[in-house]
Amino acid sequence: RICAEQLVDEARDTMGCVATFIWVDEEQIELLHVGDTRAYGIDGDAITQLTEDDRDRIGRVTNWVGNPRGITVARRSLAPDDWDFLLLCSDGVPLELRDERMLKIVREAGEPARVVQAMLEAALGEQGRDNLSVVCVELY
């Protein structure tokens, strides 16, 4: 839809977005990623960044939906039993919170809705200099 809007509305020809998507079923997790949003896997007392930021040396996003030069969608398959939680977030969250703090928040909050609330409050408490979006999925 972004690309279609760019073609029909001159005022929207520079719009775009970054995104991370997951599809979870009993057998696998499919992770799709474009840009600098992030996905983390949390297992026990470990947090692992599952995506790589599409940024250049000076911090500009190099890959996004709506890029007139085209996009590359990174795709990764994961086993659901490898993780207790998946955490998806915009780049503003890790800008404000280190991995260890995010892990602590997930462990203390314990359930997805509380994780999201606590993560947003913590990031806002640290200035919230960029957009803040959080999704937390508990895996069984």
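As the structure is a prediction and not an experimental result, all values here were calculated from the model.

1. Section: the confidence of the model for the protein chain
Here's step 1: Across the protein chain, pLDDT averages 94, with 100% of residues at or above 70.
Here's step 2: Across the protein chain, the secondary-structure element scoring lowest on mean pLDDT is helix α1 (residues 2–8), at 87, and the one scoring highest is strand β4 (residues 46–49), at 98.

2. Description of the packing of helix α3 (residues 99–109) against helix α4 (residues 112–125)
Here's step 1: At a closest axis distance of 9 Å, the pairing of α3 and α4 adopts a crossing angle of 140°. When the axes of α3 and α4 are compared, the pair comes out oblique. Helix-helix and strand crossings are classified by hand; for α3 and α4 the assignment is right-handed. Here Arg101, Met102, Ile105, Val106, Glu108 and Ala109 of α3 lie close against α4, whose contacting residues are Arg114, Val115, Ala118, Met119 and Ala122.
Here's step 2: Taken together, the residues of the contact of α3 with α4 break down into eight nonpolar, no polar and three charged.

3. A word on the sheet that holds strand β2 (residues 29–34)
Here's step 1: Within the open sheet, the three strands sit side by side as β1-β2-β5. Their pairing is antiparallel. Where the open sheet ends on each side, the last strands, each with one partner, are β1 (19–24) and β5 (74–78). For this sheet the average axis-to-axis angle between neighbouring strands, irrespective of direction, equals 15°.
Here's step 2: As paired strands, β1 and β2 are joined by six bridges and run antiparallel to one another. Across the sheet, residue Ala19 finds its bridge partner in β2, namely Val34.

4. Comments concerning the pattern of salt bridges
Here's step 1: As enumerated under the stated definition, the model contains eleven salt bridges in all.
Here's step 2: As a salt-bridge pair, Glu30 and Arg75 come within 2.9 Å of each other at their nearest N and O atoms. One end of the pair, Glu30, is in strand β2; the other, Arg75, is in strand β5, with 45 residues separating them in the sequence.
Here's step 3: On the accessibility criterion, Glu30 (8% relative accessible area) is buried.
Here's step 4: Look at Arg75 and you get exposed, because its relative accessible area is 63%.
Here's step 5: With a shortest N-O distance of 2.9 Å, Asp84 and Arg107 are connected by a salt bridge. Of this pair, Asp84 sits in the loop between β5 and β6 (85–89) while Arg107 sits in helix α3, and the two are 23 residues apart along the sequence.
Here's step 6: Given the relative accessible area of 29%, Asp84 is considered partly exposed.

5. Details of the sheet that holds β4
Here's step 1: The sheet built from four strands is open, its strands ordered β4-β3-β6-β7 with antiparallel pairing. This sheet does not close on itself; its edge strands, each paired only once, are β4 and β7 (134–138). Here the average twist between neighbouring strands, direction ignored, is 20°.
Here's step 2: As judged from the five bridges shared by β6 and β7, these two strands associate in the antiparallel manner. The residue bridging Leu88 from the neighbouring strand is Val135, located in β7.
Here's step 3: In the packing of α3 onto the sheet, contacts are made with β3 (38–43), β4 and β6, and the angle to β3 comes to roughly 60°.
Here's step 4: This element, α4, spans β6 and β7 of the sheet and lies at about 150° to β7.

Definitions and cut-offs
Residues numbered from 1 in each chain as written. Predicted model: local features only at pLDDT ≥ 70, side-chain atom pairs only at ≥ 80, totals over all residues. Heavy atoms only, no water. pLDDT = per-residue confidence, 0-100. Helix = DSSP H or I, 4+ residues; strand = E, 2+ residues; numbered from the N terminus. Axes fitted to C-alpha atoms, helices over the stretch in contact; angles between N-to-C directions. Parallel < 35°, antiparallel > 145°, perpendicular 65-115°, else oblique. Left-handed = near helix turned anticlockwise from the far one by under 90°. Contact = heavy atoms within 4.5 Å. Nonpolar A, V, L, I, M, F, W, Y, C, P; charged D, E, K, R; others polar. Pairing = 2+ DSSP bridges. Salt bridge = Lys/Arg side-chain N within 4 Å of Asp/Glu carboxyl O. Buried < 20%, exposed > 50% of the residue type's maximum accessible area, 1.4 Å probe, protein only.

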